[in-house]
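Observations on the three-dimensional arrangement
Okay, here's what each chain looks like letter by letter:
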Amino acid sequence: MGEVLLTTSRLNRIFKITEESVHLEAGVALTDLDAALRNAGRYYPPTPTFMGAFVGGTIATNAAGAATFKYGTTREWVQAITVVLPTGEVLDIERGHVTASADGSFDIRSSRGAATRVPVPSYRLPRVAKLAAGYSAAPEMDLIDLFIGSEGTLGIVTEARLRVLPVRPALCLAFVPFAARLSALAFVRQLRGIARDTWRTKDPHGIDVSAIEHMDARCLELLREDGVDVANGVTIPAGSEIALLITLELPPATTAEHAFDEIGRARDVVAPDGSLRRFCRLLDAAGVLDDVDVAVPGDLARAGQLLAVREAVPAAVNQRVGRAKLAVDARIEKTAADMIVPFDRIEELLTIYETGFSSRGLDAAIWGHISDGNLHPNVIPRSYDDVKAGKAAILEFGREAIRLGGAPLAEHGVGRNAVKQQLLELLYGKKGIDEMRAVKDAIDPEWKLAPGVLFSRRS
Ligand SMILES: Cc1cc2nc3c(=O)[nH]c(=O)nc-3n(C[C@H](O)[C@H](O)[C@H](O)COP(=O)(O)OP(=O)(O)OC[C@H]3O[C@@H](n4cnc5c(N)ncnc54)[C@H](O)[C@@H]3O)c2cc1C
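We now turn to the structure provided with this report. Keep in mind that this is a model prediction, so the values were computed, not measured. Note on numbering: residues in each chain are counted from 1, in written sequence order. Thresholds applied to this predicted model are a pLDDT of at least 70 for local features of residues and 80 or more for the giving and counting of side-chain atom pairs; totals over whole chains, interfaces and linings are not thresholded and use all residues. As a rule here, side-chain values cover all heavy atoms of the structure and leave hydrogens and water aside.

Considering the overall build of the protein
Per the convention used, a helix needs a DSSP run of H or I reaching at least four residues, while a strand needs a run of E reaching at least two, with both numbered from the N terminus. Along the backbone of the protein there are 13 helices and 14 strands. It is over C-alpha atoms that the radius of gyration is taken, and the globule rule equals 2.2 Å times the number of residues to the power 0.38. Over its C-alpha trace the protein gives a radius of gyration of 23 Å, about what one expects of a compact globule, namely 23 Å for 459 residues. Contacts in the protein between residues far apart in sequence, at least 24 positions, make up 71% of those at least 6 positions apart. Computed with a 1.4 Å probe, the accessible areas rest on the Shrake-Rupley method; for each residue, only the protein chains presented here act as cover. Taken as a whole, the protein presents about 20,000 Å² of accessible surface, with 54% of it coming from carbon and sulfur. Taking the average place of the 53 positive charges on the side chains of the protein and the average place of its 59 negative ones, the gap between the two points comes to 3 Å. We call two residues in contact when some of their heavy atoms are within 4.5 Å. Positive charges come from Lys and Arg alone, negative charges from Asp and Glu alone, with His and the N- and C-terminal ends not counted. For charged residues, the charge sits on one atom: NZ in Lys, CZ in Arg, CG in Asp, CD in Glu.

Here we look at the sheet that holds strand E4 (residues 90-94)
We treat two strands as partners when DSSP finds at least two bridges between them. Ordered by their spatial adjacency, 5 strands build an open sheet running E1-E2-E7-E3-E4, and the pairing between neighbours is antiparallel. At either end of the open sheet lies a strand with only one pairing partner, and these are strand E1 (14-17) and E4. Sheet twist, expressed as the average angle between the axes of neighbouring strands with direction ignored, equals 10°. Across 3 bridges, the pairing between E1 and strand E2 (residues 21-25) is antiparallel. Every axis corresponds to a line fitted to the C-alpha atoms, with the helix fit spanning only the stretch in contact, and the corresponding angles, defined between N-to-C directions, vary from 0 to 180 degrees.

Some details on helix H10 (residues 300-327)
Under the convention used throughout, the expected extent of a helix is 1.5 Å for every residue step, that is, one less than its residue count. For H10, built from 28 residues, the straight-helix expectation of 40 Å at 1.5 Å per residue is met to within 8% by its first-to-last C-alpha distance of 39 Å. Working definition for bend: take the seven residues up to and ending at a residue and the seven starting at it, fit an axis to each, and measure the angle between the axes. In the structure, H10 departs most strongly from a straight axis at alanine 312, where the bend amounts to approximately 30° and where the proline proline 314 lies between one and four residues downstream.

Focus: the pairing of E4
Using a 1.4 Å probe on the protein chains alone, a residue whose accessible area is under 20% of its type maximum counts as buried, one over 50% counts as exposed, and one in between counts as partly exposed. Residues Leu91 and Ile93 point to one face of E4 and are all buried, whereas Val90, Asp92 and Glu94, pointing to the other face, are not buried. Both strand E3 (residues 78-84) and E4 contribute to a ladder of 5 bridges, which runs antiparallel. Bridged to alanine 80 within E4 is glutamate 94.

Digging into the pattern of salt bridges
The salt bridge definition used is simple: a Lys or Arg side-chain nitrogen within 4 Å of an Asp or Glu carboxyl oxygen. Overall, the coordinates contain 34 salt bridges when judged by the stated rule. Residue arginine 161 pairs with glutamate 94 through a salt bridge whose shortest N-O separation is 3.0 Å. With arginine 161 in strand E7 (residues 156-163) and glutamate 94 in strand E4, this pair connects stretches of sequence that are 67 residues apart. On the basis of relative accessibility, which here comes to 25%, the residue arginine 161 falls in the partly exposed class. Taking the relative accessible area as the measure of exposure, glutamate 94 reaches 29% and is therefore partly exposed. The salt bridge partner of glutamate 396 is arginine 360, with a shortest N-O separation of 2.7 Å. Taken together, the positions of glutamate 396 in helix H12 (residues 384-403) and arginine 360 in the loop between helix H11 (346-359) and strand E13 (364-369) put the pair 36 residues apart, joining distant regions of the chain.

With respect to the nonpolar core
The definition of a nonpolar core used throughout is a set of buried Ala, Val, Leu, Ile, Met, Phe, Trp, Tyr and Cys residues joined through side-chain atoms within 4.5 Å. With 111 residues, the main nonpolar core has Leu33, Ile81, Leu146, Phe147, Leu162 and Ile246 as its most contacted residues. No other element matches the 10 residues that helix H13 (residues 418-443) contributes to this core. The residues contacting phenylalanine 147, other than those within four sequence positions of it, are Ile59, Ile81, Val83, Leu85, Leu91, Ile93, Leu154, Gly155 and Ile443. Among the nonpolar cores identified, the runner-up in size contains 27 residues, and Phe175, Ile236, Ala243 and Val321 belong to it.

Points about unusual backbone geometry
Of note, glutamate 140 is a non-glycine position whose phi angle comes to about 55°, a positive value. Considering the arrangement of structural elements, one finds glutamate 140 in the loop between strand E6 (115-119) and helix H4 (143-147). A relative accessible area of 54% means that glutamate 140 is categorised as exposed. Despite not being glycine, tryptophan 447 has its phi angle at roughly 55°, a positive value.

Details of the site of the ligand
Around the ligand, the structure places 20 residues, and the nearest of them are Thr49, Phe54, Ala64, Glu151 and Val157. In the model, an oxygen atom of the ligand is placed 3.2 Å from a nitrogen or oxygen of the threonine 61 side chain. Between a nitrogen atom of the ligand and a main-chain N or O atom of valine 157, the distance comes to 2.9 Å. Elements represented by at least two residues in the shell around the ligand include exactly helix H2 (55-60) and E7. One heavy atom suffices: a residue is near a molecule or strand as soon as one of its heavy atoms comes within 4 Å of it. Whenever two N or O atoms come within 3.5 Å, that pair is a polar contact, provided that in protein one can donate a hydrogen and the other can accept it, and provided that, for residues adjacent in sequence, both atoms are side-chain atoms.

Focus on the packing of helix H6 (residues 217-225) against H10
Viewed as axis vectors pointing N to C, H6 and H10 meet at an angle of 85°, and their least axial separation amounts to 9 Å. It follows from the interaxial angle that H6 and H10 lie roughly perpendicular. Residues Cys219, Leu222, Leu223 and Glu225 of H6 pack against Val309, Ala312, Val313, Ala316, Val317 and Arg320 of H10. When residues are sorted by character, Ala, Val, Leu, Ile, Met, Phe, Trp, Tyr, Cys and Pro go into the nonpolar class, Asp, Glu, Lys and Arg into the charged class, and all the rest, Gly among them, into the polar class. Looking at the contact of H6 with H10, its residues break down into 8 nonpolar, no polar and 2 charged. To sort the angles, those under 35 degrees are grouped as roughly parallel, those over 145 as roughly antiparallel, those from 65 to 115 as roughly perpendicular, and the leftovers as oblique.

Structure, rendered in C-alpha cells:
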C-alpha cells in the first residue's frame, strides 16, 4: 500500500532497571524483558498472552492480558516514550508534561519551530477494563495517550520508560471445572469482590486474584477431542459447562527462587489463615474442591501444563479453521471477535453470543478473560457460508456490546480487518472516524505510516 516497512530488531537495548521503572528500546521482546526483570527481582505485569511481542508493539496496540483485572492495560504502565514522527521529527513525551488545551487540541512544535495543531476527537471512551479501539480521547488528555494504542499510524516508538513492580508475587494456578455456568459466574463475581477487598485492606493473608480465564462447554469438548486433558493430566468431568483458570497471587516468599531464610513466611501461606487455605474453603463452599487441579508456586512444570490447556483452546479452533480452509473452501478464515462489557453485564453478553450463533446454526467456542468481562467468541466454520454468517453475528454482537455499555474491540485492535473497522465505526460513528482521520492528517499528512490501519484515507 506504499507504506514504510521497518524493523525494530536492533532497537534491543535495556538501558536501566530501577526499583520503579525500566528504560529500554522498543525492539526488546517481552520474553527478554521478563528475563532481565526476573534477574533484578522486578515485575512488569500487563503483558499480553503472546510473550513474543515487542515492547513497541505492545505500546502501539495498548496490549492487555489475563492480569488486566488487577493491573490494567499497557497504557497505565507507560511513563515516557520517544516517538519518531512521519516527518522525521523526534518527540520525547513524558506522562504528565503535555496535556490537551481547553479548546481540545495539542500543539506539537518541531525542532525547526513549525507548529502542528492536532485536534482531540470529541467522542467519549466506554468505561471498560481494556480498550484497543483507535485513538484514545478525553478532555485535557495526555499527549502520551494519543500515541499509545494508535497501532503504528501516528509515529514509531523507539524508546520507553515503563513502570515496574519492585517485587514479583508468587503465582498459584487453579483449573476449576464447574457443572453449571451460573455457579461459575457467581464464583467469579465473589472472587472479584474478595480480591478487591484484599487490595484495599492490604491483608497479607487475603485472597488476591490477578486473573480469571474461562473456557465454555464447546472449548472443553475440543480439549477432550484433541486429548489435551489427558496429555496434561487435567480432569474435566463429563457434563462440565465451563472451566475457570484462576491465577492467585501469594507473598513473594512463596516463590521457589526466594532464599530459604524466608521460608518461615512461606509457611504462612498454608497456615490456617493463609490465603491458599481461604481459597480452598471458597472452592469447597462452591462444591468444586474435589475437581480442582492446582499448580503451586515454583511448580513450573505443572503451571506450564495448566497454561497449555488454556492455550490449546485457540490452537484447536485455529487448526479446525485451517483444515476447513484446505478441505472445504479456500475462502474460509478465522471468524472471531474480542468484545468487552462491564462485568455485571457478562451473563447478558454470553446469552447474546449463544443465541446469535445458534440461531444461525453455527458451531462456536467462547473463551476469554472473564475477570475483565472480555470474551472471545470464535466460529468453527464448516463452510464459507458459516464465515459469512459468523461475520454478520459479530456485527450484531458489537452493537449489543455497545448497548450494554461495553466495546466491540477490547484487546486485539483493529488493523486492516474490514469487520473490525466496521465495529470501530459502530462504536464512535462516522463523525468519530472523521475525527480520527483529522488526527492522522495533522500528524502524518502523507499517510506514510500504516495506511489503511484503523480506517481508510477517504470516508
Ligand atoms: C498468539 C497471540 C496471542 C495474543 N494474545 C494477546 C492478548 O492476550 N492480549 C493482547 O492485548 N494482545 C494479544 N495479542 C496481540 C499482541 O499482543 C499484539 O499484537 C502485540 O502487542 C503486538 O506486538 P508485536 O511486537 O508483535 O507487534 P506487531 O504485530 O509487529 O505490530 C502490531 C501493531 O503495532 C505497530 N507497531 C509495532 N511496533 C511499533 C513501534 N515500535 N512503534 C509504533 N508502532 C509499532 C505495527 O505497525 C502494528 O500496527 C496476541 C497475539 C498473538 C499472536
